[in-house]
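# Chains, contacts and geometry: an overview
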Amino acid sequence: MKRALRVGAGEGVVITANRLLDGAIVWLAADDIWLTRMQRANVFEPEAAVERVSALQSRAQSDGVVGIYEIAVRPEETGPMPVTMRERIRAFGPTVHPQFAYTAQEGVGA
Amino acid sequence: MSVSIGQYHYDQVDRDFLSARIGEFSEQVARRLDGSLTEDEFKPLRLMNGLYLQLHAYMLRVAVPYGTLNAQQVRAFADVARRYDRGYGHFTTRQNIQFNWIRLEDTPDILRLLADVDMHALQTSGNCIRNVTSDEFAGAAADELVDPRVHAEILRQWSTLHPEFTFLPRKFKIAISGSPNDRVAARFHDIGVVARPGSDGRVAFQIFVGGGLGRTPIVGQELYPAVPEERLLATLEAIIRVYNAHGRRDNIYKARIKILVQALGIEAYREAVETELAQMDVARYRLSPEMVSSIEARFASPDLNAPDNAADVLAEQRARDFVFDRWVRSNTHAHRAAGHIIAVVSLKTPGEIPGDVTADQLDRLAGLSERFAYGELRTTHLQNVVFGHVRQDQLYDLWRGLVEVGLGAPNFGLIGDIVACPGLDYCALANARSIPIAQKLGARFADMSLQEQIGALQINISGCINACGHHHAGHIGLLGVDKRGEEFFQMTLGGRADDQAAVGKILGPALPEDDTVDAIARIVDRYLKERSGKESFLETLKRVGETPFKEAAYDVV
């Protein structure tokens with residue numbers, strides 16, 4: 001679900017969605033491929049991300065995704081880190097069931 | 001399926017309808033997957049079948065009509081949890097159950113599995129009349145005046161697929177109780193119905209309208225003190241027809257009936273209902289004694305025979321086992337029949353997720369219900385489970401069976417009995433996590449002797465202003481807010497959902513998540529110092545005011 005995007009200094013934007021079939025969270029990586037590992041997501045400038053989302057909406061069905069939107073991230077050694085708690089939970093899994101956490105190796109829905 | 005206690009029994013018409021509906025939804029899912037339906041087209045269709053898209057996956061919300069279940073249905077939930085979820089179900093504050101890890105393509109199969117035990121997910125979402133909720137002690141409590149389940153079932157049948165009320169301005173929630181002690185939060189519903197014996201020997205209904213929580217918490221107002229049974233459906237039809245005609249559709253935040261009732265005033269709303277009734281064909285809605293009897297006949301009743309010494313056996317077992325004795329003190333309620341008792345299973349084991357149950361626990365609950373409670377269970381709006389009819393001489397064995405699967409927490413109605421929405425860990429609407437702070441509070445107050453010393457104290461936690469955790473109605477309420485990635489909690493004191501319903505008052509600025517548990521601990525300490533005799537938290541708050549608790553929360557003394 002899209003929320004107001006606020007991008008601070010030094011932050012970038014990645015594009016995310018849910019997979020149509022199972023709702024699993026995906027991020028847009030190189031070559032416009034949707035991956036379940038956020039660490040490999042492409043980081044955009046905010047304006048570029050908005051344009052990209054618009055283009056991606058038209059092929060969401062063929063890509064098998066739903067609810068495409070952009071989120072703010074901070075650059076970290078391990079890759080982009082979502083700014084908000086909400087997106088960190090989407091990226092790493094619910095905090096209340098450690099066994100359901102998403103790992104960097106296996107990603108979402110593993 | 002075999003006849004079960006406390007439930008309306010489906011006939012072939014009911015089952016054929018469900019089957020056809022699942023077939024229809026199955027086709028809709030297929031058309032969504034092949035691209036024939038866009039997400040915008042499909043979303044209202046999936047919501048009509050209880051299917052949400054949440055943070056990590058699809059979530060299926062299954063209706064539990066007025067909170068009653070039989071053992072087969074609970075086993076079906078366990079089956080869904082194992083085969084299609086990740087081993088869990090989550091009981092909600094609307095007496096329903098949610099599964100958080102559902103795949104879209106599995107949904108028709110899940111609905112078929114549920115339909116095999118007469119269950120569905122209809123009207124658990126959307127701007128329609130939602131699942132009618134009722135008293136978890138219905139038909140069993142010693143303090144009950146009228147068993148509300150027959151009329152709850154009548155309301156279920158009346159509201160299911162009601163053609164005029166399928167697209168209301170906003171969702172619509174009805175609760176019905178038959179006890180003078182409100183256990184359904186009647187005054188916090190769009191319509192709250194309290195059944196009681198009428199002067200003519202039939203049932204009469206006190207009707208409240210315009211209550212609700214969410215962004216604008218309001219205590220419902222009495223519209224009628226005693227509606228005769230035969231006019232119940234006509235009256236409800238008129239109330240909702242007025243709302244449907246005049247409720248706002250331009251602003252989702254002002255679309256609930258509570259806003260309309262506030263805007264018109266209760267007198268004007270009543271006049272509008274009367275005008276509507278005057279032009280309705282009221283006879284068409286007449287609820288005759290024969291119709292009520294025909295519904296009543298579809299409920300099986302338990303054969304409540306207990307040995308003469310059942311109470312003595314229970315007394316002996318309580319004397320022998322002080323842990324059991326404590327659980328009996330907190331987690332049971334007086335039954336109307338001699339030798340019987342009502343048992344509440346707390347789903348608030350300290351440190352665990354409020355309302356969560358594993359597939360194994362569901363299976364155990366089903367088995368225990370068959371052994372000790374006539375195969376019947378109830379869910380509660382406080383996210384617990386109730387065995388309505390237990391023989392007193394068998395209560396000890398039931399309790400041991402619960403303890404074996406971690407469901408023996410003796411904290412019903414105490415500070416550990418925390419109500420919490422799924423929060424940001426699962427919900428797409430949430431701003432903050434509800435579950436972790438509930439777990440921390442549960443662990444902080446895990447000492448059962450301390451809980452008993454504190455006494456009745458309800459904590460409710462919501463992860464956003466939509467208030468699914470009913471924080472406004474908590475004696476202590478917590479509302480999670482997000483401040484640029486950091487979780488804060490706004491605290492309210494003095495809320496209650498009983499027959500003296502009140503909206504909690506905001507105590508002060510929101511506290512960081514790390515400080516909130518300590519702040520509540522300080523409030524509780526202050527209460528223990530301030531209270532006089534056996535005063536409850538609410539009684540002390542009423543007597544001394546909020547200042548001491550504000551000082552404690554913000555540590556300014």
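Report on the accompanying structure. (Residues numbered from 1 in each chain as written. Chains lettered and ligands numbered in written order. Predicted model: local features only at pLDDT ≥ 70, side-chain atom pairs only at ≥ 80, totals over all residues. Heavy atoms only, no water.)

Turning next to the overall build of chain B. Looking only at helices and strands, one finds 18 helices and 21 strands in chain B. For chain B, the proportion of its 557 residues judged to be buried stands at 64%. Summed over its atoms, the accessible surface of chain B is roughly 20,500 Å², and 49% of this surface lies on carbon and sulfur atoms. Here chain B contributes 62 positive and 73 negative side-chain charges, whose respective centroids are spaced 4 Å apart. (Helix = DSSP H or I, 4+ residues; strand = E, 2+ residues; numbered from the N terminus. Buried < 20%, exposed > 50% of the residue type's maximum accessible area, 1.4 Å probe, protein only. Areas by Shrake-Rupley, 256 points an atom, 1.4 Å probe, with all protein chains shown as cover. Lys, Arg positive; Asp, Glu negative; His and termini not counted. Charge placed at Lys NZ, Arg CZ, Asp CG, Glu CD.)

Attention now goes to the overall build of chain A. Looking only at helices and strands, one finds three helices and five strands in chain A. For chain A, the succession of helices and strands along the chain, N to C, is β-β-β-α-α-β-β-α. Taking 13 Å as the expected radius of gyration for a compact globule of 110 residues, we find that chain A reaches 13 Å, a close match to that expectation. Within chain A, contacts between residues separated by at least 24 positions form 53% of all contacts whose residues are at least 6 apart in sequence. Of the roughly 5,200 Å² of accessible surface on chain A, 52% is carried by carbon and sulfur atoms. Positive and negative charge centroids in chain A, built from 12 and 13 side chains respectively, lie 6 Å apart. (Rg over C-alpha atoms; globule rule 2.2 N^0.38 Å. Contact = heavy atoms within 4.5 Å.)

Turning to unusual backbone geometry, a few remarks are in order. Residues and elements named next belong to chain B. Look at Tyr 66: it is not a glycine, yet its phi comes out positive at around 40°. Turning to its location among the elements, Tyr 66 is positioned in the loop between β2 (58-62) and β3 (68-70). The exposure class of Tyr 66 is buried, given its relative accessible area of 4%. Here the phi dihedral of Gln 123 falls at roughly 55°; this positive angle occurs in a residue that is not glycine. Take Gln 123: it is sitting in the loop between α4 (107-115) and β6 (133-134).

Each side of the interface is counted separately: chain A has 32 residues, and chain B has 35 residues. Roughly 2,700 Å² of surface becomes buried between chain A and chain B when both sides are summed, with 55% attributable to carbon and sulfur atoms. There are one salt bridge connecting chain A and chain B. Across the pair Arg103(B) and Asp22(A) runs a salt bridge, and its minimum N-O distance is 3.6 Å. The tally of links from chain A across to chain B stands at nine residue pairs in polar contact (both at pLDDT 80 or more). Broken down by element, the side of chain A that touches chain B gets its largest block of residues, five residues, from helix α3 (residues 85-92) of chain A. (Buried area = accessible area lost by both parts, 1.4 Å probe. Salt bridge = Lys/Arg side-chain N within 4 Å of Asp/Glu carboxyl O. Polar contact = N/O pair within 3.5 Å; in protein donor to acceptor, adjacent residues only side chain to side chain.)

It is worth spelling out the sheet that holds strand β8 (residues 191-197) of chain B at this point. All names here are of chain B. Overall, mixed pairing links the five strands, which are arranged β6-β7-β8-β9-β10 in an open sheet. Lying at the two open borders of the sheet, with one neighbouring strand each, are β6 and β10 (221-228). Across four bridges, the pairing between strand β7 (residues 174-177) and β8 is parallel. When the sheet's bridge partners are listed, Ala 175 is paired in β8 with Gly 192. (Pairing = 2+ DSSP bridges.)

Let us look at the side chain of Ser125(B). All names here are of chain B. Mapped onto the elements, Ser 125 comes out in the loop between α4 and β6. The class for Ser 125 is buried, based on a relative accessible area of 4%. At 3.0 Å, the side chain of Ser 125 forms a polar contact with the side chain of Tyr 52. Not counting chain neighbours up to four residues away, the residues in contact with Ser 125 comprise Leu 47, Tyr 52 and Arg 130.

Let us now look at a negative patch on the surface. Together, Asp482(B), Glu486(B), Asp514(B) and Asp515(B) make up a negatively charged patch on the protein surface. Within the secondary structure, Glu486(B) sits in strand β19 (residues 486-493). (Patch = residues over 30% accessible without salt bridge, like charges linked within 9 Å, V, L, I, M, F, W, Y side chains within 5 Å.)

Right, let's get into helix α11 (residues 322-331) of chain B. Residue and element names in this part refer to chain B. With seven of ten residues buried, α11 is to be regarded as a mostly interior element. All of the buried residues in α11 are Phe 324, Asp 325, Arg 326, Trp 327, Val 328, Ser 330 and Asn 331. Those residues of α11 that are buried are in contact with α10 (310-320), β11 (332-334), β12 (340-345), α13 (395-404) and α15 (448-454).

Looking now at the sheet that holds strand β5 (residues 79-82) of chain A. Residues and elements named next belong to chain A. With antiparallel pairing, five strands are arranged side by side in an open sheet as β3-β2-β1-β4-β5. What marks the edges here is a single partner per strand, and that holds for β3 (33-35) and β5. The sheet shows a mean angle of 50° between the axes of neighbouring strands, direction not considered. With four bridges connecting them, strand β4 (residues 65-76) and β5 associate as antiparallel partners. Across the sheet, residue Pro 75 finds its bridge partner in β5, namely Pro 80. Sitting on the sheet, α3 touches β1 (12-19), β2 (25-29), β4 and β5, and the angle it makes with β5 is about 130°. (Axes fitted to C-alpha atoms, helices over the stretch in contact; angles between N-to-C directions.)

Everything listed here is a matter of coordinates, which is why it stays silent on function.
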